[in-house]
Amino acid sequence: MEINRNQYFMIGIVLVLLGLQFRLVDRFVLNQPVSQFIAEKKMKVQQSQQQQPAPFTASTHNFMTSAGMVPNQVVVLPEWLGYALMSIGAVLVLHSLAMPRPSG
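Bear in mind the structure is a predicted one, so any value in this text is a computation, not a measurement. (Residues numbered from 1 in each chain as written. Predicted model: local features only at pLDDT ≥ 70, side-chain atom pairs only at ≥ 80, totals over all residues. Heavy atoms only, no water.)

Requested: an account of the packing of aromatic side chains, with residues and values cited.
Both the distance between ring centres and the angle between the ring planes are used here to describe each pair of aromatic rings. As enumerated under the stated definition, the model contains one aromatic pair in all. Considering the side-chain rings of F22 and F28, the 6.2 Å spacing of their centres and the 75° angle between planes classify their relative orientation as edge-to-face. (Phe/Tyr/Trp six-rings, centres within 6.5 Å; stacked < 30°, edge-to-face > 60°.)

Help me get a handle on the side chain of S96, residues and values and all.
Within the secondary structure, S96 is located in helix α4 (residues 79-98). Setting aside its immediate chain neighbours within four residues, S96 contacts R5, Y8 and F9. (Helix = DSSP H or I, 4+ residues; strand = E, 2+ residues; numbered from the N terminus. Contact = heavy atoms within 4.5 Å.)

Before we move on, could you go through the environment of G82 and cite the residues and values that matter?
Residue position: G82 is located in helix α4. Sequence separation between G82 and R23 is 59 residues, and the spatial gap between their C-alpha atoms is 5.1 Å. Once you skip the residues sitting within four places of it in the chain, G82 turns out to touch G19, F22 and R23.

Residues and numbers for the packing of helix α1 (residues 5-24) against α4, please.
Contact geometry of α1 with α4 gives a least axis separation of 7 Å together with a crossing angle of 160°. In terms of orientation, α1 lies roughly antiparallel with respect to α4. Relative to α4, the crossing made by α1 is left-handed. Here the residues of the contact of α1 with α4 sort into 18 nonpolar, six polar and three charged. (Axes fitted to C-alpha atoms, helices over the stretch in contact; angles between N-to-C directions. Parallel < 35°, antiparallel > 145°, perpendicular 65-115°, else oblique. Left-handed = near helix turned anticlockwise from the far one by under 90°. Nonpolar A, V, L, I, M, F, W, Y, C, P; charged D, E, K, R; others polar.)

Can you explain a nonpolar patch on the surface? Please cite residues and give values.
A cluster of nonpolar side chains, F9, I13, L17, L20, L24, L94 and L97, forms an exposed patch at the surface whose accessible area comes to about 690 Å². Broken down by secondary-structure element, the contributors of at least two residues to the nonpolar patch are α1 and α4. Of the residues forming the nonpolar patch, the biggest block, five residues, is contributed by α1. Locating L94 in the fold gives a position in helix α4. (Patch = residues over 30% accessible without salt bridge, like charges linked within 9 Å, V, L, I, M, F, W, Y side chains within 5 Å. Areas by Shrake-Rupley, 256 points an atom, 1.4 Å probe, with all protein chains shown as cover. Salt bridge = Lys/Arg side-chain N within 4 Å of Asp/Glu carboxyl O.)

Run through helix α2 (residues 32-49), naming residues and quoting values.
For α2, built from 18 residues, the straight-helix expectation of 26 Å at 1.5 Å per residue is met to within 8% by its first-to-last C-alpha distance of 26 Å. By the burial criterion, the buried members of α2 are S35, Q36, A39 and M43. Each buried residue of α2 lies within a common arc of 100° when the element is viewed along its axis, so the set occupies one face. Facing away from the buried side of α2, by more than 90 degrees, are the exposed residues P33, K44, S48 and Q49. (Expected span 1.5 Å × (residues − 1). Buried < 20%, exposed > 50% of the residue type's maximum accessible area, 1.4 Å probe, protein only. Arc of directions from axis to C-beta.)

Describe the environment of V76, and please don't skip the residues or the numbers.
The topology assignment puts V76 in strand β2 (residues 74-76). Between the C-alpha atom of V76 and that of V25, which follows or precedes it by 51 residues, the distance is 9.2 Å.

Written as structure tokens, this is what we have:
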């Protein structure tokens, strides 16, 4: 399937608006279920990286994850991400305007 002019325009507008959103928002605070999910995945990765954990030693992170008391995760986006999305979206919008109109 070939992407036509309208689809380029729509993708460009979505990317411009998403980049604008990323520039206006400083950070995203994830809710409790998502924070719990991320903490469980991090704990599994840490356990797989350790060969044999020492007995009777538990980090507070592991205890908090197993008890369900995980603090909400905060995602801070880099500043360049919003600019990159807006510029790619602007290029796609301009490209769509330079394409010939669809026949039909």
